[in-house]
Amino acid sequence: MTTFTDETRERAREIIARYPADRSRSALLPLLHLVQAEEGYVSPAGVAFCAEVLGLNKAQVGAVATFYTMYKRKPTGDFLVSVCTNTMCNVLGGQEVYDTLSEHLGVGHDETTADGTITLEHAECLAACDYGPVMTVNYDFFDGVDPSTAVGVVDELRTGGRPMPTRGARLCTLKEMAVQLAGFADERDGAVADGGPGEPTLRGLRLAQQHGVSVPGFDPNTPIRSKAEADKAAAEAKAKAEAAKPAPAEASAAPVKGGDGASAPTGAAGVAEPAKPESVTGSTAPDVKAPDDKSPQVRTAETRQPDADTAVPDAPGTKVPTETSPPASRDAREAEAAGAAANAPAGDGKPAGDSTGAQERNLNEASAGTDGTNSAGANETGAQK
């Protein structure tokens, strides 16, 4: 059984510390990458290690490790070569690239060469249709490959070389890649040097620059504010808007009396003006802020499907459910009650409504024989069948 190094255990504690104390199991994904960085795959010992440090059982960890294809369950080569054979890449020659590599390396899908250098696999989709056919080496892209260029890449890898990907940083081994996926920086000299985006990806940007298309008022250097900063700015803006409102006009010294003796509003010439109704815009539903601890999904569900107790009658887009169907007649209620009484609830695996008479009769016939013979004859008949 593998004994993980002190460095791995220290990194495991660092990963777990990134999450709230009551959400430590969320660290499982990077922890699986961490154990894969030490062993080259997620072994049973790695599953046990993750279960130990997170307080889970091994079945829970194994369920996650077997769900995601990036976690390898058997020893994997230093370089994982993935060839896309999905529709677009296949039309462009992806299957031919895979077949050529399989024959050249002498391995099939999810198999590793004898020297432990390369593991070959089909990739269902690498999300790079505009560069097809594509293959990746430890998840770094080689675009527009053909059988000859693909063979050249793997041959260079087997001789100790590190061919430069079309996009991305310099190649690293699968274990080194797993360290990065666990959330730690790549400390190799020049690890993030070279590389760059592909031209098809930049095509939209090139067209926008060519035709002068941009988002109005967009400043790429504008920092993204935190929630606290945004709330503070909103409160300041609201206070400024309140201060800018005009003060209410003072009442005149001698208000004009209305017909009932009450004061009536006056115009510029002292003539009483008719009272204006309050303007009503939109819904009259109260604008109540939802509590922060309620998830957006719950708030949306309550808005779309309100119940009679909590729904606002005239809230936009909502309708309080009402009972529109008349109550069932007495005969209908009696018939429903009789039907329910005639069908006993299911229990012990027996379907609802079934009686035990047929089952008991079959058991008795099986033990005594259907033609009246004894149990020995029944057993003999059963043996012959």
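Residues numbered from 1 in each chain as written. Predicted model: local features only at pLDDT ≥ 70, side-chain atom pairs only at ≥ 80, totals over all residues. Heavy atoms only, no water.

So, the overall build of the protein
The secondary structure content of the protein amounts to 14 helices and seven strands. For the protein, the proportion of contacts with a sequence separation of at least 24, taken over those separated by at least 6, is 56%. (Helix = DSSP H or I, 4+ residues; strand = E, 2+ residues; numbered from the N terminus. Contact = heavy atoms within 4.5 Å.)

Focus: helix α3 (residues 44-54)
Within α3, eight of the eleven residues are buried, leaving the element largely enclosed by the surrounding structure. Listed as buried for α3 are Ala45, Gly46, Val47, Ala48, Phe49, Cys50, Ala51 and Leu54. Contact partners of the buried residues in α3: α1 (6-16), α2 (28-39) and α4 (58-65). Positive backbone phi, at 70°, marks Gly55, one or two positions downstream of α3. (Buried < 20%, exposed > 50% of the residue type's maximum accessible area, 1.4 Å probe, protein only.)

What to know about the nonpolar core
Core analysis: the largest hydrophobic core is formed by 25 residues, its most contacted members being Ile15, Leu31, Leu32, Leu34, Val42, Cys50 and Val61. Listed by contribution, the elements that provide at least two residues to this core are α1, α2, α3, α4 and α8 (174-181). In this structure Leu34 touches Thr8, Arg11, Ala12, Ile15, Ala182 and Phe184, once residues within four positions along its chain are discounted. (Core = buried A, V, L, I, M, F, W, Y, C linked by side-chain atoms within 4.5 Å.)

Examining the sheet that holds strand β4 (residues 135-137)
Taken in spatial order, the five strands make up an open sheet running β2-β3-β1-β4-β5, and their pairing is mixed. The open sheet terminates on both sides in strands that have one partner only, identified here as β2 (111-112) and β5 (140-142). Alignment of strand β1 (residues 79-84) against β4, held across three bridges, turns out to be antiparallel. Residue pairing across strands places Val83 opposite Met135, the latter belonging to β4. This element, helix α6 (residues 94-105), spans β1, β3 (118-123) and β4 of the sheet and lies at about 155° to β3. (Pairing = 2+ DSSP bridges. Axes fitted to C-alpha atoms, helices over the stretch in contact; angles between N-to-C directions.)

Brief notes about the packing of aromatic side chains
This model, assessed by the stated rule, comprises three aromatic pairs. Geometrically, the ring pair formed by Phe67 and Tyr68 is edge-to-face, given 4.9 Å between the ring centres and 80° between the ring planes. Judged by its relative accessible area of 61%, Phe67 falls in the exposed class. Plain terms: the ring middles of Tyr68 and Tyr71 are 6.2 Å apart, the flat faces sit at 90° to each other, and that makes the pair edge-to-face. Taken together, Phe67, Tyr68 and Tyr71 form an aromatic cluster joined through their ring pairs. (Phe/Tyr/Trp six-rings, centres within 6.5 Å; stacked < 30°, edge-to-face > 60°.)

Quick notes on the pattern of salt bridges
Taken as a whole and judged by the stated rule, the model has ten salt bridges. Among the ionic pairs, Glu242 bridges to Lys245, the shortest N-O distance being 3.6 Å. (Salt bridge = Lys/Arg side-chain N within 4 Å of Asp/Glu carboxyl O.)

Regarding the side chain of Thr173
Along the chain, the position of Thr173 falls in the loop between α7 (147-158) and α8. Relative accessible area serves as the criterion here: at 16%, Thr173 is assigned to the buried category. Not counting chain neighbours up to four residues away, the residues in contact with Thr173 comprise Asp78, Phe79, Asn138 and Arg162.

Concerning a nonpolar patch on the surface
On the surface, a nonpolar cluster with roughly 320 Å² of combined accessible area is contributed by Leu29, Phe67 and Tyr68. For Phe67, the position within the fold is in the loop between α4 and β1. (Patch = residues over 30% accessible without salt bridge, like charges linked within 9 Å, V, L, I, M, F, W, Y side chains within 5 Å. Areas by Shrake-Rupley, 256 points an atom, 1.4 Å probe, with all protein chains shown as cover.)

Some remarks on the confidence of the model for the protein
Residues with a pLDDT of 70 or more make up 66% of the protein, whose mean pLDDT is 76. Confidence over residues 311-318 falls short of pLDDT 50; this stretch has 16 contacts with residues more than four positions distant or in other chains. (pLDDT = per-residue confidence, 0-100.)

Examining the packing of α1 against α2
Here α1 crosses α2 at 165°, and the two axes come no closer than 10 Å. Classified by the angle their axes make, α1 and α2 are roughly antiparallel. Crossing angle aside, the handedness with which α1 passes α2 is right-handed. Between α1 and α2, the residues in contact are Thr8, Arg11, Ala12, Ile15 and Ile16 and Pro30, Leu31, Leu34 and Glu38, respectively. A class-by-class count of the residues in the contact of α1 with α2 yields six nonpolar, one polar and two charged. (Parallel < 35°, antiparallel > 145°, perpendicular 65-115°, else oblique. Left-handed = near helix turned anticlockwise from the far one by under 90°. Nonpolar A, V, L, I, M, F, W, Y, C, P; charged D, E, K, R; others polar.)

Section: the packing of α3 against α4
The contact between α3 and α4 brings their axes to 8 Å, and the two run at 120°. If you check the angle between α3 and α4, you find them oblique. α4 is crossed by α3, and the crossing has right-handed handedness. The residues of α4 that touch α3, namely those facing Val47, Ala48, Cys50 and Ala51, are Lys58, Val61 and Gly62. A breakdown of the residues in the contact of α3 with α4 according to their chemical character gives five nonpolar, one polar and one charged.

Quick look at the environment of His109
Looking at the secondary structure, you find His109 in the loop between α6 and β2. Owing to a relative accessible area of 44%, His109 belongs among the partly exposed residues under this scheme. Taking the C-alpha atoms as reference, His109 lies 9.6 Å from Ala123; in sequence the two are 14 residues apart. Residues within four places of His109 in sequence aside, it is in contact with Tyr98, Leu120, Glu121 and His122.

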